[in-house]
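Coordinate inspection notes
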Amino acid sequence: MDQAIKIAKAATTTGDVPVGAIVVDKDGVIIGQGSNEREANNDPTAHAEIVAIRSATSRIKSSRLDGCTLIVTLEPCAMCAGAIAQARISNLIFGAWDEKAGAVGSVWDVIRDPRALYKMNVTAGIRESECAKLLTDFFENQR
């Protein structure tokens, strides 16, 4: 989570919401990373999770991230939850809950829906207050 938080902090320089994500392989090696790049790239799909997944799949030259772990500072939205499942990521770890758009338990639970075709392990609330503070501080400065 340390690396994801560092990435999130760096995202604020582009005006993007500070969310950071990393993909770690089964040996603990970071194979992908990303921050929100929506504003920087004028791309509504450029959430930190998507950027990190693209980075990892490009590096390993496969669309499947079986055995990998995605670590992200904020609960994924529905778009990102779907992408995480499609990438066949085995483990998801996130920090802060997203009470407005979260899709891993807050608003929806796309990942753990009993009808989901792919099952993964989810660990929530890791360094929750620290991850949430990044967002609170960012939005307070926007006002």
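Relevant structure appears above.
Residues numbered from 1 in each chain as written. Predicted model: local features only at pLDDT ≥ 70, side-chain atom pairs only at ≥ 80, totals over all residues. Heavy atoms only, no water.

Attention shifts here to helix α5 (residues 128-142). Look at α5: 22 Å from first C-alpha to last across 15 residues, which is about the 21 Å you get at 1.5 Å a residue. Contacts made by the buried residues of α5 are with α1 (2-11), β3 (69-74) and β4 (91-96). (Helix = DSSP H or I, 4+ residues; strand = E, 2+ residues; numbered from the N terminus. Expected span 1.5 Å × (residues − 1). Contact = heavy atoms within 4.5 Å.)

Taken as a whole and assessed by the stated rule, the structure comprises five salt bridges. Between Asp2 and Arg127 there is a salt bridge; the shortest N-O distance is 2.2 Å. In this pair, Asp2 is assigned in helix α1 and Arg127 in the loop between β5 (121-123) and α5, connecting sequence segments 125 residues apart. Given the relative accessible area of 47%, Asp2 is considered partly exposed. A salt bridge links Asp113 to Arg115, with the nearest nitrogen and oxygen atoms 2.6 Å apart. (Salt bridge = Lys/Arg side-chain N within 4 Å of Asp/Glu carboxyl O. Buried < 20%, exposed > 50% of the residue type's maximum accessible area, 1.4 Å probe, protein only.)

Our next topic: unusual backbone geometry. Backbone geometry places Lys61, a non-glycine residue, at a positive phi of 60 degrees. Take Lys61: it is sitting in the loop between α3 (48-60) and β3. Unlike most non-glycine residues, Arg88 shows phi in positive territory, near 60 degrees. By the element assignment, Arg88 lies in the loop between α4 (78-86) and β4.

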